[in-house]
Amino acid sequence: MSGNILTTKEDVIHSTVRVQLKINGEERVLQIDPRTTLLDALREHLALTGSKKGCDQGQCGACTVHVNGQRVLSCLSLAIAHQRDEITTIEGLAEGERLHPMQSAFMECDGFQCGYCTPGQIMSAVAMVAEAAEGVPSHVTADVAHPPGLEELSLEEIRERMSGNICRCGAYPNIVD
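Residues numbered from 1 in each chain as written. Predicted model: local features only at pLDDT ≥ 70, side-chain atom pairs only at ≥ 80, totals over all residues. Heavy atoms only, no water.

On to the packing of helix 3 (residues 101-108) against helix 4 (residues 118-133), then. Across the interface, helix 3 lies against helix 4 with an axial gap of 9 Å and an inter-helix angle of 120 degrees. The angle between the axes of helix 3 and helix 4 places the two elements in the oblique class. For the pair helix 3 and helix 4, the sense of crossing is right-handed. Each of M102, Q103 and F106 in helix 3 lies in contact with helix 4, whose residues at this interface are T118, Q121, I122, A125, V126 and V129. Split into classes, the residues belonging to the contact of helix 3 with helix 4 amount to six nonpolar, three polar and no charged. (Axes fitted to C-alpha atoms, helices over the stretch in contact; angles between N-to-C directions. Helix = DSSP H or I, 4+ residues; strand = E, 2+ residues; numbered from the N terminus. Parallel < 35°, antiparallel > 145°, perpendicular 65-115°, else oblique. Left-handed = near helix turned anticlockwise from the far one by under 90°. Contact = heavy atoms within 4.5 Å. Nonpolar A, V, L, I, M, F, W, Y, C, P; charged D, E, K, R; others polar.)

Printed below as a string of structure tokens:
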């Protein structure tokens, strides 16, 4: 390559960028292809394999992580786009050996079968609780001006708020519990 101009097809294929990410409170620096998804950066470059690659098309929710406290499908998001963001993965929920309350709840309610979708389900459930606590309505909220608080979430509300996460084993009743 000459200067900053990519001159051949091979140059394009082998170009990398420096990406600095803050993941689970820790600054990490990667040299990656600019087309690398956040999911692939986590799994393949940082060995954070809790987030799963299910459909790789944003339809199953297995790759759900939090970016600045919001749910994000990491398979649809480029790592380079998150250089100033706080990223939390399933590995970042627990405090040492002490599980996050949602992780404990999934164990207590047997909210998993094969376990493949469980990290994404837990990340989505944690975000769902935060959204409800903030008064964010869902698509089934009857009165969006007065959405239900965390204590008033109906089964219908919980199911709707978790609907982006697929469990192929059908553990939904326990996940809702």
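Our next topic: the pairing of strand 1 (residues 17-23). When strand 1 meets strand 2 (residues 26-32), the two strands line up antiparallel, connected through seven bridges. Of the residues in strand 2, the one forming a bridge with K22 is E27. Here strand 1 hands over to strand 2 after two residues, with N24 in that stretch at a positive phi of 55 degrees. Of the strand pairs in this sheet, strand 1 and strand 5 (residues 86-88) are connected by two bridges, and their pairing is parallel. Counterpart to K22 in the pairing with strand 5 is E86. (Pairing = 2+ DSSP bridges.)

Now for the state of the cysteines. One pass over the full model with this rule turns up zero disulfides. The structure places no disulfide on C169, whose sulfur is separated from the nearest cysteine sulfur, that of C114, by 3.7 Å. Take C169: its relative accessible area is 33%, and that puts it in the partly exposed class. (Disulfide = S-S within 2.5 Å. Buried < 20%, exposed > 50% of the residue type's maximum accessible area, 1.4 Å probe, protein only.)

Roughly 200 Å³ of internal volume is contained in the largest pocket. What lines the largest pocket is a set of 15 residues, among which M102, M128, I175, V176 and D177 lie closest to the centre. Residues of the lining of the largest pocket, tallied by class, amount to 13 nonpolar, one polar and one charged. (1 Å grid on protein atoms, 1.4 Å probe; cavity = no way out; pocket = protein on both sides within 12 Å on 5 of 7 lines; lining within 4 Å. Points joined across faces, edges and corners; volume = space filled by probe spheres on them.)

Tracing the backbone shows S77 in the loop between strand 4 (70-73) and strand 5. Reaching out from S77, the side chain makes a polar contact with the side chain of H82 at a distance of 2.3 Å. S77 has contacts with T37, L38, V72 and H82, leaving out every residue within four places of it along the chain. (Polar contact = N/O pair within 3.5 Å; in protein donor to acceptor, adjacent residues only side chain to side chain.)

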